[in-house]
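Listed here are the chains, written in short residue letters.
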Amino acid sequence: MNKNRHQRRAMKRNAAANAALLARCCFDYDGNAMLPVADPLAITVLERAFTRMMQAGGEPMAVPLSEAEACAFPLHEGEKRLLPGGVTWLAVGVDVSGRGTYAMQCAKDGSRALAHEAARAMALSRLRASLDMPGFPAWQKVQADA
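Residues numbered from 1 in each chain as written. Predicted model: local features only at pLDDT ≥ 70, side-chain atom pairs only at ≥ 80, totals over all residues. Heavy atoms only, no water.

Outline the overall build of the protein, supporting the account with residue identities and numerical values.
Scanning the protein for helices and strands turns up five helices and six strands. Listing every helix and strand of the protein by position from the N terminus yields α-α-β-β-α-β-α-β-β-α-β. Per-residue burial for the protein yields a buried fraction of 42% across its 146 residues. A separation of at least 24 residues holds for 67% of the contacts in the protein among residues at least 6 apart in sequence. Carbon and sulfur atoms provide 53% of the accessible area of the protein, an area that totals close to 7700 Å². (Helix = DSSP H or I, 4+ residues; strand = E, 2+ residues; numbered from the N terminus. Buried < 20%, exposed > 50% of the residue type's maximum accessible area, 1.4 Å probe, protein only. Contact = heavy atoms within 4.5 Å. Areas by Shrake-Rupley, 256 points an atom, 1.4 Å probe, with all protein chains shown as cover.)

What follows is the structure, encoded as structure tokens:
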């Protein structure tokens, strides 16, 4: 998102209000339908992440999630979102239609620092791949080898 200084300052001034709007318009794609993110905890997490993104100039951003926060996002039939003992990161951005979108990534490794870096990098990578598609959040889990 290339913005001039005036646009970045305006974005920062209105970050909380705009983040609330973006968070309440997020959907999760389950292969058959678009599911709105409706859990209050998930919306709070999205608001926090979108606020940080806008305060940082509007570029996609990733934040770590607790297990409870990750579980608040829509779960699809038969899908296991968390790896026991793993870490989860949420990346947020704005897609081509101007809608807030996100990607979550879970990773597990003997080195907790490596698991965090893998989950963060993959969440951002998956987010960037979905930003060209309107309203298409991505989710995947990966287990890094120790």
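Give a description of helix H2 (residues 15-24) that names residues and reports values.
When H2 is considered as a whole, its buried residues turn out to be Ala15, Ala19, Ala20, Leu22 and Ala23. Projected onto a plane normal to the axis of H2, the buried residues spread over an arc of 165 degrees and lie on a single side. Those residues of H2 that are exposed and angled more than 90 degrees off the buried face are Ala17, Leu21 and Arg24. In this fold, the buried residues of H2 make contact with helix H1 (5-13), helix H3 (40-55), strand S4 (87-94) and strand S5 (100-108). (Arc of directions from axis to C-beta.)

Tell me about the pairing of strand S3 (residues 61-65), residues and numbers included.
For S3, the buried fraction is high: four of the five residues fall into the buried class. Pairing analysis gives five bridges linking S3 to S4, with the strands arranged antiparallel. Opposite leucine 65, over in S4, you have threonine 88 as the bridge partner. (Pairing = 2+ DSSP bridges.)

So what's going on with the packing of aromatic side chains? Which residues, and what values?
Evaluation of the coordinates by the stated rule reveals one aromatic pair. Centre to centre, the rings of phenylalanine 73 and tyrosine 102 are 5.2 Å apart; their planes meet at 50 degrees, and the pair counts as tilted. Remark: tyrosine 102 occurs in strand S5 and phenylalanine 73 occurs in the loop between helix H4 (67-71) and S4; sequence separation between them is 29 residues. Accessibility classification places phenylalanine 73 together with tyrosine 102 in one group, the buried group. (Phe/Tyr/Trp six-rings, centres within 6.5 Å; stacked < 30°, edge-to-face > 60°.)

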